[in-house]
Amino acid sequence: MILKSKQNYCCVLIVILAIAFTVLTGGSARAGDAGRIQPAQQNPMYWQYNGEPVLLLGGTVDDNLFQINNLKEHLDVLASVGGNYVRCTMSSRDSGNVKPFVKENGLFNLDKPNPDYWDRFESLLSLAFERDIIAQVEIWATYDFYWGDSGWAQNPFNPKLNRSYTASQSQLPEAIAYPAQQQNNPFFLSVPELDNNRVVLDYQQTFVDKLLSIALNYPNVLYCIDNETKTRPEWGRYWSAYIRDIAATAGKEIYVTEMWDNWDPTNGLVPGAVNQHPDLGGWYAEYTNPEMSEWAKPSNTINDPESYSFIDISNNNAQRGEVHYNTALFVRNYVQFSKHPRPVNNVKIYGGMMNTLGQDGEYWTGFHKDGEERFWRNIFAGHASVRFHRPPYGLGLNHVARHHIQSMRMLTDELDVLNSEPANPLLTNREENEAYCLANKGVEYAVYFTGRGSVELNVPAGDYELKWLQIRTSQWSDVQPAKLPGVLETPSDDQWVVLIRPATEKRLK
(Lines give C-alpha, C1' and ligand atoms only; values in the text may rest on other atoms or scores of the structure.)
Protein backbone atom coordinates (compact mmCIF):
# COMPACT_ATOMS: atom_id res chain seq x y z
CA MET A 1 0.00 0.00 0.00
CA ILE A 2 1.13 3.55 -0.76
CA LEU A 3 1.02 5.99 2.14
CA LYS A 4 -1.12 8.98 1.20
CA SER A 5 -2.21 12.15 2.89
CA LYS A 6 -5.82 12.48 4.09
CA GLN A 7 -6.48 14.64 1.02
CA ASN A 8 -5.32 11.87 -1.30
CA TYR A 9 -7.31 9.17 0.44
CA CYS A 10 -10.30 11.34 -0.41
CA CYS A 11 -9.17 11.46 -4.03
CA VAL A 12 -8.88 7.68 -4.12
CA LEU A 13 -12.36 7.37 -2.62
CA ILE A 14 -13.71 9.69 -5.31
CA VAL A 15 -12.11 7.52 -8.01
CA ILE A 16 -13.66 4.36 -6.59
CA LEU A 17 -17.08 5.97 -6.11
CA ALA A 18 -17.00 7.31 -9.68
CA ILE A 19 -16.32 3.83 -11.02
CA ALA A 20 -19.02 2.29 -8.83
CA PHE A 21 -21.54 4.94 -9.88
CA THR A 22 -20.86 4.29 -13.56
CA VAL A 23 -21.37 0.57 -13.11
CA LEU A 24 -24.59 0.96 -11.12
CA THR A 25 -26.10 3.50 -13.51
CA GLY A 26 -25.23 1.58 -16.64
CA GLY A 27 -22.92 4.31 -17.93
CA SER A 28 -19.71 3.86 -19.89
CA ALA A 29 -18.25 1.21 -17.60
CA ARG A 30 -17.82 -2.10 -19.39
CA ALA A 31 -19.11 -5.31 -17.85
CA GLY A 32 -17.16 -8.52 -17.67
CA ASP A 33 -13.83 -7.86 -16.00
CA ALA A 34 -12.85 -11.44 -16.81
CA GLY A 35 -12.59 -10.24 -20.39
CA ARG A 36 -10.10 -7.46 -19.58
CA ILE A 37 -6.81 -7.36 -21.45
CA GLN A 38 -4.46 -9.68 -19.55
CA PRO A 39 -1.64 -12.18 -20.19
CA ALA A 40 -2.97 -15.23 -22.03
CA GLN A 41 -3.69 -18.25 -19.89
CA GLN A 42 -2.47 -20.46 -22.71
CA ASN A 43 0.87 -18.64 -22.98
CA PRO A 44 1.67 -15.66 -20.68
CA MET A 45 4.13 -14.26 -23.22
CA TYR A 46 1.08 -13.09 -25.18
CA TRP A 47 -2.17 -11.25 -24.40
CA GLN A 48 -5.77 -12.32 -24.26
CA TYR A 49 -8.86 -10.12 -24.53
CA ASN A 50 -12.48 -11.14 -24.07
CA GLY A 51 -11.10 -14.50 -23.02
CA GLU A 52 -9.38 -15.11 -26.38
CA PRO A 53 -5.66 -14.92 -27.27
CA VAL A 54 -4.85 -11.78 -29.25
CA LEU A 55 -1.79 -10.43 -31.05
CA LEU A 56 -1.59 -6.64 -30.82
CA LEU A 57 -0.85 -4.87 -34.13
CA GLY A 58 -1.04 -1.13 -34.67
CA GLY A 59 0.05 2.05 -36.37
CA THR A 60 -1.33 5.56 -35.84
CA VAL A 61 -0.70 9.09 -36.99
CA ASP A 62 0.06 10.49 -33.54
CA ASP A 63 1.01 9.46 -30.02
CA ASN A 64 -1.60 11.52 -28.12
CA LEU A 65 -4.31 10.11 -30.32
CA PHE A 66 -7.21 11.44 -28.24
CA GLN A 67 -6.23 14.96 -29.31
CA ILE A 68 -6.73 14.46 -33.08
CA ASN A 69 -9.89 15.71 -34.80
CA ASN A 70 -10.64 12.70 -37.02
CA LEU A 71 -10.26 10.05 -34.32
CA LYS A 72 -13.22 7.88 -35.29
CA GLU A 73 -12.19 7.73 -38.95
CA HIS A 74 -8.58 6.96 -38.03
CA LEU A 75 -9.59 4.07 -35.78
CA ASP A 76 -11.90 2.77 -38.51
CA VAL A 77 -8.98 2.64 -40.95
CA LEU A 78 -6.83 0.83 -38.39
CA ALA A 79 -9.54 -1.73 -37.65
CA SER A 80 -10.22 -2.27 -41.37
CA VAL A 81 -6.72 -3.71 -41.88
CA GLY A 82 -6.77 -5.86 -38.75
CA GLY A 83 -5.16 -3.36 -36.39
CA ASN A 84 -6.13 -3.50 -32.72
CA TYR A 85 -3.49 -1.52 -30.83
CA VAL A 86 -2.95 2.21 -30.24
CA ARG A 87 -0.69 4.36 -28.11
CA CYS A 88 -2.09 7.16 -25.95
CA THR A 89 0.34 9.54 -24.29
CA MET A 90 -1.43 12.04 -22.04
CA SER A 91 0.37 14.79 -23.92
CA SER A 92 -0.84 18.29 -24.73
CA ARG A 93 2.25 19.93 -26.23
CA ASP A 94 1.29 19.88 -29.92
CA SER A 95 -0.26 22.89 -31.62
CA GLY A 96 -4.02 22.95 -31.09
CA ASN A 97 -4.02 20.49 -28.18
CA VAL A 98 -6.28 21.10 -25.19
CA LYS A 99 -4.77 21.14 -21.70
CA PRO A 100 -5.84 18.94 -18.76
CA PHE A 101 -6.74 21.89 -16.50
CA VAL A 102 -9.02 24.91 -16.71
CA LYS A 103 -7.43 28.32 -17.25
CA GLU A 104 -8.68 31.22 -15.11
CA ASN A 105 -7.54 34.80 -15.71
CA GLY A 106 -4.55 33.58 -17.68
CA LEU A 107 -3.39 30.92 -15.16
CA PHE A 108 -4.20 27.21 -14.91
CA ASN A 109 -6.11 25.98 -11.88
CA LEU A 110 -4.78 22.52 -11.00
CA ASP A 111 -7.85 21.88 -8.87
CA LYS A 112 -10.14 22.15 -11.92
CA PRO A 113 -9.86 19.45 -14.60
CA ASN A 114 -10.63 20.61 -18.13
CA PRO A 115 -13.75 18.68 -19.27
CA ASP A 116 -12.76 18.96 -22.95
CA TYR A 117 -9.40 17.20 -22.35
CA TRP A 118 -10.88 14.39 -20.28
CA ASP A 119 -13.93 13.93 -22.53
CA ARG A 120 -11.55 13.46 -25.47
CA PHE A 121 -9.62 10.87 -23.50
CA GLU A 122 -12.76 8.94 -22.66
CA SER A 123 -13.91 9.18 -26.27
CA LEU A 124 -10.70 7.45 -27.37
CA LEU A 125 -11.17 4.61 -24.90
CA SER A 126 -14.83 4.23 -25.81
CA LEU A 127 -14.27 4.26 -29.58
CA ALA A 128 -11.38 1.83 -29.18
CA PHE A 129 -13.51 -0.44 -27.00
CA GLU A 130 -16.24 -0.54 -29.64
CA ARG A 131 -13.64 -1.75 -32.17
CA ASP A 132 -11.82 -4.24 -29.88
CA ILE A 133 -8.73 -2.00 -29.95
CA ILE A 134 -6.32 -2.01 -27.01
CA ALA A 135 -5.02 1.38 -25.82
CA GLN A 136 -1.62 1.54 -24.14
CA VAL A 137 -1.84 4.71 -22.03
CA GLU A 138 1.33 6.57 -20.98
CA ILE A 139 0.55 8.65 -17.92
CA TRP A 140 3.47 11.09 -17.97
CA ALA A 141 4.37 12.45 -21.41
CA THR A 142 8.08 13.03 -20.78
CA TYR A 143 8.76 15.73 -23.33
CA ASP A 144 5.91 17.93 -22.11
CA PHE A 145 8.15 18.59 -19.09
CA TYR A 146 11.42 19.67 -20.70
CA TRP A 147 12.96 22.32 -22.93
CA GLY A 148 11.41 23.96 -25.94
CA ASP A 149 8.44 26.21 -26.56
CA SER A 150 6.13 23.19 -26.62
CA GLY A 151 7.39 21.63 -23.37
CA TRP A 152 7.70 23.04 -19.85
CA ALA A 153 7.21 26.56 -21.20
CA GLN A 154 3.50 25.79 -21.73
CA ASN A 155 2.92 23.01 -19.19
CA PRO A 156 0.18 23.69 -16.60
CA PHE A 157 2.36 22.16 -13.86
CA ASN A 158 4.93 24.93 -14.43
CA PRO A 159 4.56 27.22 -11.36
CA LYS A 160 4.83 30.26 -13.62
CA LEU A 161 1.65 29.17 -15.43
CA ASN A 162 -0.68 28.08 -12.62
CA ARG A 163 -2.38 29.63 -9.61
CA SER A 164 -2.08 26.51 -7.43
CA TYR A 165 1.51 26.92 -6.22
CA THR A 166 4.50 29.20 -6.65
CA ALA A 167 8.04 28.26 -7.61
CA SER A 168 9.05 28.68 -3.97
CA GLN A 169 6.24 26.49 -2.67
CA SER A 170 6.69 23.76 -5.25
CA GLN A 171 10.48 23.85 -5.63
CA LEU A 172 9.91 23.58 -9.37
CA PRO A 173 11.72 25.76 -11.94
CA GLU A 174 9.87 28.28 -14.08
CA ALA A 175 12.17 27.64 -17.04
CA ILE A 176 13.96 24.51 -18.24
CA ALA A 177 16.80 24.76 -20.73
CA TYR A 178 17.87 21.11 -20.82
CA PRO A 179 16.54 17.91 -22.46
CA ALA A 180 15.24 14.84 -20.65
CA GLN A 181 18.49 13.03 -21.49
CA GLN A 182 20.65 15.53 -19.57
CA GLN A 183 19.07 15.87 -16.13
CA ASN A 184 15.73 15.28 -14.40
CA ASN A 185 13.10 17.95 -14.03
CA PRO A 186 12.44 18.03 -10.23
CA PHE A 187 8.82 17.29 -11.17
CA PHE A 188 9.98 13.67 -11.59
CA LEU A 189 11.59 13.54 -8.15
CA SER A 190 8.49 14.30 -6.05
CA VAL A 191 7.82 10.79 -4.75
CA PRO A 192 8.56 9.81 -1.11
CA GLU A 193 11.69 7.80 -1.92
CA LEU A 194 13.26 10.81 -3.66
CA ASP A 195 12.39 14.45 -2.76
CA ASN A 196 9.07 13.70 -1.02
CA ASN A 197 7.66 16.93 -2.41
CA ARG A 198 4.10 16.80 -1.07
CA VAL A 199 3.02 20.07 -2.71
CA VAL A 200 3.69 18.71 -6.19
CA LEU A 201 2.86 15.10 -5.41
CA ASP A 202 -0.66 15.93 -4.24
CA TYR A 203 -1.44 17.57 -7.59
CA GLN A 204 0.21 14.73 -9.49
CA GLN A 205 -1.99 12.28 -7.63
CA THR A 206 -5.06 14.36 -8.46
CA PHE A 207 -4.17 14.14 -12.17
CA VAL A 208 -3.64 10.38 -11.97
CA ASP A 209 -6.84 9.90 -9.94
CA LYS A 210 -8.80 11.69 -12.64
CA LEU A 211 -7.24 9.52 -15.34
CA LEU A 212 -8.08 6.33 -13.42
CA SER A 213 -11.66 7.46 -12.74
CA ILE A 214 -12.12 7.15 -16.52
CA ALA A 215 -9.68 4.44 -17.60
CA LEU A 216 -10.60 1.83 -14.99
CA ASN A 217 -14.07 1.66 -16.50
CA TYR A 218 -12.62 0.18 -19.68
CA PRO A 219 -11.21 -3.35 -20.07
CA ASN A 220 -9.12 -2.47 -23.14
CA VAL A 221 -6.41 -0.42 -21.39
CA LEU A 222 -2.77 -1.18 -20.63
CA TYR A 223 -0.80 1.26 -18.49
CA CYS A 224 2.70 2.68 -18.95
CA ILE A 225 4.14 5.17 -16.46
CA ASP A 226 6.30 7.26 -18.81
CA ASN A 227 7.44 7.78 -22.37
CA GLU A 228 11.11 6.78 -22.83
CA THR A 229 12.18 8.11 -19.46
CA LYS A 230 15.56 8.62 -17.89
CA THR A 231 14.18 9.45 -14.46
CA ARG A 232 15.14 7.55 -11.32
CA PRO A 233 13.67 4.03 -10.97
CA GLU A 234 11.98 5.02 -7.69
CA TRP A 235 9.61 7.28 -9.65
CA GLY A 236 8.16 4.53 -11.83
CA ARG A 237 7.92 2.04 -8.98
CA TYR A 238 5.96 4.54 -6.90
CA TRP A 239 3.40 5.25 -9.61
CA SER A 240 3.03 1.60 -10.54
CA ALA A 241 2.18 0.78 -6.93
CA TYR A 242 -0.11 3.79 -6.69
CA ILE A 243 -2.29 2.94 -9.69
CA ARG A 244 -2.35 -0.80 -8.93
CA ASP A 245 -3.43 0.00 -5.37
CA ILE A 246 -6.36 2.14 -6.56
CA ALA A 247 -7.34 -0.45 -9.18
CA ALA A 248 -7.26 -3.28 -6.64
CA THR A 249 -9.39 -1.31 -4.20
CA ALA A 250 -11.89 -0.83 -7.04
CA GLY A 251 -11.85 -4.57 -7.74
CA LYS A 252 -9.82 -4.29 -10.95
CA GLU A 253 -6.57 -5.93 -12.02
CA ILE A 254 -4.48 -3.81 -14.35
CA TYR A 255 -1.18 -4.38 -16.16
CA VAL A 256 1.60 -1.84 -15.91
CA THR A 257 4.99 -1.22 -17.50
CA GLU A 258 7.65 1.47 -17.75
CA MET A 259 9.38 2.62 -20.94
CA TRP A 260 13.06 3.56 -20.71
CA ASP A 261 15.02 5.80 -23.04
CA ASN A 262 18.01 3.46 -23.35
CA TRP A 263 18.13 1.71 -26.71
CA ASP A 264 19.81 -1.50 -25.56
CA PRO A 265 17.58 -3.60 -23.26
CA THR A 266 20.29 -6.25 -22.81
CA ASN A 267 22.83 -4.11 -20.92
CA GLY A 268 25.49 -4.85 -23.53
CA LEU A 269 25.01 -8.64 -23.56
CA VAL A 270 24.20 -8.78 -27.30
CA PRO A 271 27.21 -8.00 -29.52
CA GLY A 272 26.72 -5.00 -31.76
CA ALA A 273 23.80 -3.46 -29.84
CA VAL A 274 24.12 0.32 -29.64
CA ASN A 275 22.93 2.77 -27.02
CA GLN A 276 22.66 6.53 -26.71
CA HIS A 277 26.08 7.66 -25.59
CA PRO A 278 28.35 10.65 -26.15
CA ASP A 279 30.61 8.39 -28.23
CA LEU A 280 27.91 8.39 -30.94
CA GLY A 281 28.72 12.04 -31.56
CA GLY A 282 26.29 14.66 -32.85
CA TRP A 283 23.33 15.44 -30.60
CA TYR A 284 24.26 12.72 -28.10
CA ALA A 285 27.77 14.03 -27.56
CA GLU A 286 26.39 17.36 -26.38
CA TYR A 287 23.31 16.36 -24.41
CA THR A 288 23.44 12.76 -23.19
CA ASN A 289 24.30 12.21 -19.53
CA PRO A 290 26.04 8.80 -19.14
CA GLU A 291 25.22 8.70 -15.42
CA MET A 292 21.50 8.79 -16.18
CA SER A 293 21.92 5.97 -18.67
CA GLU A 294 23.38 3.84 -15.89
CA TRP A 295 20.26 3.97 -13.72
CA ALA A 296 17.58 4.27 -16.43
CA LYS A 297 17.73 0.78 -17.90
CA PRO A 298 15.04 -1.55 -19.24
CA SER A 299 16.38 -4.14 -16.81
CA ASN A 300 14.56 -2.15 -14.10
CA THR A 301 11.33 -3.32 -15.70
CA ILE A 302 12.45 -6.79 -16.73
CA ASN A 303 13.77 -7.66 -13.26
CA ASP A 304 10.88 -6.18 -11.25
CA PRO A 305 7.79 -8.30 -11.97
CA GLU A 306 6.11 -7.08 -8.80
CA SER A 307 5.99 -3.53 -10.15
CA TYR A 308 5.75 -4.27 -13.86
CA SER A 309 3.43 -6.96 -15.17
CA PHE A 310 4.57 -6.61 -18.78
CA ILE A 311 7.62 -5.33 -20.65
CA ASP A 312 7.87 -2.56 -23.24
CA ILE A 313 11.20 -2.23 -25.06
CA SER A 314 10.17 0.25 -27.73
CA ASN A 315 13.52 2.01 -27.86
CA ASN A 316 15.16 -1.26 -28.83
CA ASN A 317 13.62 -0.46 -32.19
CA ALA A 318 16.50 1.89 -32.87
CA GLN A 319 18.65 -1.24 -33.40
CA ARG A 320 19.01 -2.47 -36.97
CA GLY A 321 19.18 -5.68 -38.93
CA GLU A 322 20.28 -8.91 -37.30
CA VAL A 323 21.31 -7.06 -34.12
CA HIS A 324 17.73 -5.83 -33.72
CA TYR A 325 16.43 -9.39 -33.91
CA ASN A 326 19.11 -10.68 -31.54
CA THR A 327 18.26 -8.11 -28.86
CA ALA A 328 14.53 -8.72 -29.26
CA LEU A 329 15.07 -12.47 -28.99
CA PHE A 330 17.40 -12.09 -26.00
CA VAL A 331 14.74 -10.21 -24.02
CA ARG A 332 12.01 -12.62 -25.02
CA ASN A 333 14.04 -15.67 -23.99
CA TYR A 334 15.20 -14.07 -20.74
CA VAL A 335 11.62 -13.20 -19.75
CA GLN A 336 10.07 -16.45 -20.97
CA PHE A 337 12.43 -18.64 -18.99
CA SER A 338 12.34 -16.49 -15.85
CA LYS A 339 10.06 -17.20 -12.91
CA HIS A 340 7.68 -14.53 -14.21
CA PRO A 341 7.03 -14.85 -17.97
CA ARG A 342 5.20 -11.76 -19.24
CA PRO A 343 4.29 -10.20 -22.60
CA VAL A 344 6.96 -8.11 -24.35
CA ASN A 345 5.44 -5.10 -26.15
CA ASN A 346 6.70 -2.63 -28.76
CA VAL A 347 4.35 0.36 -28.81
CA LYS A 348 6.81 2.25 -31.03
CA ILE A 349 8.47 0.89 -34.16
CA TYR A 350 10.91 3.48 -35.49
CA GLY A 351 11.81 3.86 -39.15
CA GLY A 352 9.92 6.31 -41.32
CA MET A 353 10.41 8.82 -44.11
CA MET A 354 13.01 11.06 -42.49
CA ASN A 355 15.64 10.43 -45.16
CA THR A 356 13.33 11.33 -48.03
CA LEU A 357 12.70 14.64 -46.28
CA GLY A 358 16.41 15.35 -46.41
CA GLN A 359 16.78 15.53 -42.64
CA ASP A 360 20.12 14.43 -41.23
CA GLY A 361 20.90 11.92 -43.96
CA GLU A 362 21.16 8.62 -42.10
CA TYR A 363 18.76 9.58 -39.32
CA TRP A 364 18.87 7.57 -36.09
CA THR A 365 15.39 6.10 -36.66
CA GLY A 366 16.43 4.54 -39.97
CA PHE A 367 14.43 4.66 -43.18
CA HIS A 368 11.01 3.10 -43.87
CA LYS A 369 12.50 -0.30 -44.78
CA ASP A 370 14.07 -0.46 -41.30
CA GLY A 371 10.65 0.09 -39.75
CA GLU A 372 9.02 -2.55 -41.95
CA GLU A 373 11.63 -5.15 -41.02
CA ARG A 374 11.50 -4.33 -37.31
CA PHE A 375 7.72 -4.83 -37.33
CA TRP A 376 8.16 -8.42 -38.57
CA ARG A 377 11.33 -9.30 -36.69
CA ASN A 378 9.70 -8.51 -33.34
CA ILE A 379 6.82 -10.89 -34.00
CA PHE A 380 9.20 -13.55 -35.30
CA ALA A 381 11.21 -13.06 -32.08
CA GLY A 382 8.11 -13.99 -30.07
CA HIS A 383 6.88 -10.54 -28.99
CA ALA A 384 3.29 -9.76 -28.09
CA SER A 385 2.75 -6.39 -29.77
CA VAL A 386 4.05 -4.09 -32.49
CA ARG A 387 2.91 -0.62 -33.54
CA PHE A 388 4.38 1.72 -36.14
CA HIS A 389 5.45 4.99 -34.50
CA ARG A 390 4.02 8.31 -35.67
CA PRO A 391 5.53 10.01 -38.72
CA PRO A 392 8.10 11.15 -39.57
CA TYR A 393 9.88 8.89 -37.04
CA GLY A 394 7.75 5.91 -38.07
CA LEU A 395 5.27 4.86 -40.73
CA GLY A 396 2.19 5.70 -38.69
CA LEU A 397 -0.81 4.40 -40.60
CA ASN A 398 0.27 5.28 -44.14
CA HIS A 399 -0.39 2.92 -47.07
CA VAL A 400 2.83 0.96 -46.41
CA ALA A 401 2.01 0.47 -42.73
CA ARG A 402 -1.54 -0.62 -43.55
CA HIS A 403 -0.31 -3.39 -45.83
CA HIS A 404 2.15 -4.64 -43.20
CA ILE A 405 -0.53 -4.70 -40.50
CA GLN A 406 -2.99 -6.44 -42.82
CA SER A 407 -0.42 -8.99 -43.98
CA MET A 408 0.69 -9.77 -40.44
CA ARG A 409 -2.94 -10.32 -39.46
CA MET A 410 -3.50 -12.52 -42.53
CA LEU A 411 -0.52 -14.66 -41.53
CA THR A 412 -1.35 -14.92 -37.84
CA ASP A 413 -5.01 -15.67 -38.55
CA GLU A 414 -3.71 -18.93 -40.01
CA LEU A 415 -0.56 -19.49 -37.93
CA ASP A 416 -0.92 -20.52 -34.28
CA VAL A 417 1.50 -17.93 -32.92
CA LEU A 418 0.94 -18.83 -29.27
CA ASN A 419 2.23 -22.35 -29.87
CA SER A 420 5.08 -21.26 -32.15
CA GLU A 421 8.66 -20.51 -31.21
CA PRO A 422 11.44 -18.50 -32.87
CA ALA A 423 13.31 -21.13 -34.88
CA ASN A 424 16.12 -19.64 -36.95
CA PRO A 425 18.31 -22.75 -36.34
CA LEU A 426 16.00 -24.55 -38.80
CA LEU A 427 17.36 -22.27 -41.55
CA THR A 428 20.67 -23.00 -43.27
CA ASN A 429 22.54 -21.27 -46.10
CA ARG A 430 21.11 -18.09 -44.64
CA GLU A 431 22.77 -14.70 -44.99
CA GLU A 432 22.64 -12.05 -42.26
CA ASN A 433 19.18 -10.47 -41.95
CA GLU A 434 17.91 -12.50 -44.88
CA ALA A 435 15.14 -14.57 -43.30
CA TYR A 436 13.54 -15.41 -39.95
CA CYS A 437 11.58 -18.48 -38.86
CA LEU A 438 8.69 -19.22 -36.49
CA ALA A 439 7.85 -22.87 -35.91
CA ASN A 440 5.07 -24.88 -34.33
CA LYS A 441 7.23 -27.92 -34.92
CA GLY A 442 5.61 -30.77 -36.79
CA VAL A 443 2.48 -28.69 -37.39
CA GLU A 444 3.35 -25.50 -39.26
CA TYR A 445 6.20 -23.12 -39.99
CA ALA A 446 6.52 -19.53 -41.23
CA VAL A 447 9.56 -17.85 -42.77
CA TYR A 448 9.78 -14.08 -43.26
CA PHE A 449 12.11 -12.74 -45.95
CA THR A 450 13.31 -9.12 -45.75
CA GLY A 451 13.77 -9.11 -49.56
CA ARG A 452 14.73 -11.52 -52.31
CA GLY A 453 16.15 -14.58 -50.57
CA SER A 454 16.86 -18.28 -50.69
CA VAL A 455 17.33 -20.46 -47.62
CA GLU A 456 17.08 -24.13 -46.76
CA LEU A 457 14.42 -25.18 -44.27
CA ASN A 458 15.37 -28.29 -42.32
CA VAL A 459 12.18 -30.06 -41.29
CA PRO A 460 11.25 -33.76 -41.18
CA ALA A 461 11.36 -35.22 -44.69
CA GLY A 462 8.05 -35.40 -46.49
CA ASP A 463 5.45 -33.67 -48.61
CA TYR A 464 4.51 -30.13 -47.66
CA GLU A 465 2.31 -27.32 -48.90
CA LEU A 466 3.58 -23.77 -49.26
CA LYS A 467 1.56 -20.58 -49.40
CA TRP A 468 3.37 -17.31 -50.12
CA LEU A 469 2.13 -13.94 -48.88
CA GLN A 470 3.37 -10.81 -50.66
CA ILE A 471 3.51 -8.40 -47.76
CA ARG A 472 3.25 -5.05 -49.53
CA THR A 473 0.17 -6.12 -51.50
CA SER A 474 -1.40 -8.34 -48.82
CA GLN A 475 -2.05 -11.15 -51.31
CA TRP A 476 -1.73 -14.90 -50.82
CA SER A 477 -0.49 -17.14 -53.59
CA ASP A 478 -2.16 -20.41 -54.43
CA VAL A 479 -1.06 -23.43 -52.41
CA GLN A 480 2.04 -25.05 -53.86
CA PRO A 481 3.26 -28.62 -53.17
CA ALA A 482 6.88 -29.07 -52.12
CA LYS A 483 9.21 -31.76 -50.83
CA LEU A 484 11.19 -30.72 -47.77
CA PRO A 485 13.76 -30.35 -46.34
CA GLY A 486 14.78 -28.17 -49.21
CA VAL A 487 15.21 -24.68 -50.56
CA LEU A 488 12.70 -21.88 -50.09
CA GLU A 489 13.16 -19.10 -52.64
CA THR A 490 11.09 -15.91 -52.79
CA PRO A 491 9.01 -15.35 -55.93
CA SER A 492 10.45 -11.83 -56.42
CA ASP A 493 12.58 -9.06 -54.89
CA ASP A 494 9.80 -7.91 -52.57
CA GLN A 495 9.27 -8.78 -48.89
CA TRP A 496 7.55 -12.14 -48.50
CA VAL A 497 6.42 -14.56 -45.83
CA VAL A 498 5.75 -18.20 -46.54
CA LEU A 499 3.49 -20.52 -44.53
CA ILE A 500 4.55 -24.19 -44.60
CA ARG A 501 2.48 -27.15 -43.43
CA PRO A 502 2.72 -30.92 -43.88
CA ALA A 503 0.64 -31.85 -46.91
CA THR A 504 -2.71 -33.58 -46.59
CA GLU A 505 -4.90 -34.91 -49.35
CA LYS A 506 -7.57 -32.40 -48.37
CA ARG A 507 -5.20 -29.45 -48.61
CA LEU A 508 -3.65 -30.49 -51.91
CA LYS A 509 -6.94 -31.04 -53.75
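### A look at the overall build of the chain
(1) Moving on: Scanning the chain from terminus to terminus reveals 13 helices and 21 strands.
(2) Moving on: Across the 509 residues in the chain, those meeting the buried criterion constitute 61%.
(3) Moving on: Counting only contacts in the chain whose residues sit at least 6 apart along the sequence, the fraction spanning at least 24 positions is 72%.
(4) Moving on: Entry remark: accessible area of the chain is about 19,600 Å², with carbon and sulfur atoms responsible for 51%.

### Notes on helix α3 (residues 115-130)
(1) Moving on: Across its 16 residues, α3 extends 22 Å between first and last C-alpha, which sits within 8% of the 22 Å expected from 1.5 Å per residue.
(2) Moving on: All of the buried residues in α3 are Y117, W118, F121, L124, L125, S126, L127 and A128.
(3) Moving on: Lining the buried residues of α3 we find α2 (71-80), β5 (85-89), β7 (107-113), β8 (134-140), α5 (198-215) and β9 (221-226).
(4) Moving on: Of the residues that open α3, the one with a side-chain oxygen 3.1 Å from the backbone nitrogen of D116 is N114.
(5) Moving on: Phi for D132, located one or two positions after α3, is positive at around 55 degrees.

### Topic: the sheet that holds strand β2 (residues 47-49)
Hydrogen bonding along the main chain pairs the strands of a sheet, whether they run parallel or antiparallel.
(1) Moving on: Read across the sheet, 3 strands follow the order β1-β2-β3 without closing on themselves; strand pairing throughout is antiparallel. Edge positions in the open sheet fall to β1 (38-39) and β3 (52-54), since each of these has one partner strand only.

### Details of the confidence of the model for the chain
(1) Moving on: Per-residue confidence for the chain gives a mean pLDDT of 91, with 89% of residues at or over 70.
(2) Moving on: Across residues 19-29 the pLDDT falls below 50, and counting only partners more than four positions away or on other chains, this stretch makes 15 contacts in the model.
(3) Moving on: Contacts for the low-pLDDT stretch residues 356-361, under 50 throughout, to residues beyond four places or in other chains number 4 contacts.

### A look at the packing of helix α11 (residues 368-380) against helix α12 (residues 399-414)
(1) Moving on: The geometry of α11 relative to α12 is characterised by a closest axis approach of 10 Å and an angle of 20 degrees between their N-to-C directions. With respect to each other, α11 and α12 are oriented roughly parallel. Two packed elements cross with a definite hand, and for α11 against α12 that hand is right-handed. In contact with E372, F375, W376, I379 and F380 of α11, α12 contributes V400, H404, I405, S407, M408 and L411.
(2) Moving on: Among the residues forming the contact of α11 with α12, the class breakdown is 8 nonpolar, 2 polar and 1 charged.

### Side note on the packing of aromatic side chains
(1) Moving on: Using the criterion set out here, one finds 42 aromatic pairs in the structure.
(2) Moving on: Where W140 meets F145, the ring centres are 6.3 Å apart and the plane angle is 75 degrees; that geometry is what we call edge-to-face.
(3) Moving on: A centroid spacing of 5.7 Å and a plane angle of 65 degrees characterise the contact between W235 and W239, whose relative ring orientation is edge-to-face. Placement of both W235 and W239 in helix α6 (residues 233-249) is noted, with a separation of 4 residues, approximately one turn of the helix.
(4) Moving on: Look at W235 and you get buried, because its relative accessible area is 0%.
(5) Moving on: Over the face of the ring belonging to W295 we find R232, whose NZ or CZ atom lies 4.2 Å from the ring centre.
(6) Moving on: Over the face of the ring belonging to W476 we find K467, whose NZ or CZ atom lies 4.5 Å from the ring centre.

### Concerning the environment of S190
(1) Moving on: By the secondary structure assignment, S190 is in the loop between α4 (167-170) and α5.
(2) Moving on: In this structure S190 comes out as buried when scored by relative accessible area, which is 1%.

### As for the side chain of D63
(1) Moving on: Mapped onto the elements, D63 comes out in the loop between β4 (56-59) and α2.
(2) Moving on: The contact partners of D63, leaving out residues within four places of it in the chain, are R87, C88, T89, R93, D94, R387 and R390.

### Quick word on the pairing of strand β21 (residues 496-502)
(1) Moving on: β21 sits mainly inside the fold: 6 of its 7 residues count as buried.
(2) Moving on: Relative to β21, strand β17 (residues 444-449) runs antiparallel, the two sharing 5 bridges. Counted as the bridge partner of V447 is V498 from β21.
(3) Moving on: Sheet analysis places strand β18 (residues 454-470) next to β21, joined by 7 bridges and oriented antiparallel. Its bridge partner being in β21, Y464 is matched across the sheet by P502.

### Comments concerning the pattern of salt bridges
(1) Moving on: Going through the model one piece at a time under the given rule, you end up with 24 salt bridges.
(2) Moving on: Residues D76 and R131 are paired through a salt bridge, measuring 2.7 Å at the closest nitrogen-oxygen approach. One end of the pair, D76, is in helix α2; the other, R131, is in the loop between α3 and β8, and 55 residues separate them in sequence.
(3) Moving on: Note on D76: relative accessible area 31%, which makes it partly exposed.
(4) Moving on: The class of R131 is buried, set by a relative accessible area of 19%.
(5) Moving on: Salt bridges here are not isolated pairs; linked through shared partners, they connect K72, D76, E130 and R131.

Calculation criteria
- Residues numbered from 1 in each chain as written.
- Predicted model: local features only at pLDDT ≥ 70, side-chain atom pairs only at ≥ 80, totals over all residues.
- Heavy atoms only, no water.
- Helix = DSSP H or I, 4+ residues; strand = E, 2+ residues; numbered from the N terminus.
- Buried < 20%, exposed > 50% of the residue type's maximum accessible area, 1.4 Å probe, protein only.
- Contact = heavy atoms within 4.5 Å.
- Areas by Shrake-Rupley, 256 points an atom, 1.4 Å probe, with all protein chains shown as cover.
- Expected span 1.5 Å × (residues − 1).
- Polar contact = N/O pair within 3.5 Å; in protein donor to acceptor, adjacent residues only side chain to side chain.
- Pairing = 2+ DSSP bridges.
- pLDDT = per-residue confidence, 0-100.
- Axes fitted to C-alpha atoms, helices over the stretch in contact; angles between N-to-C directions.
- Parallel < 35°, antiparallel > 145°, perpendicular 65-115°, else oblique.
- Left-handed = near helix turned anticlockwise from the far one by under 90°.
- Nonpolar A, V, L, I, M, F, W, Y, C, P; charged D, E, K, R; others polar.
- Phe/Tyr/Trp six-rings, centres within 6.5 Å; stacked < 30°, edge-to-face > 60°.
- Lys NZ or Arg CZ within 6 Å of the ring centre and 35° of its normal.
- Salt bridge = Lys/Arg side-chain N within 4 Å of Asp/Glu carboxyl O.

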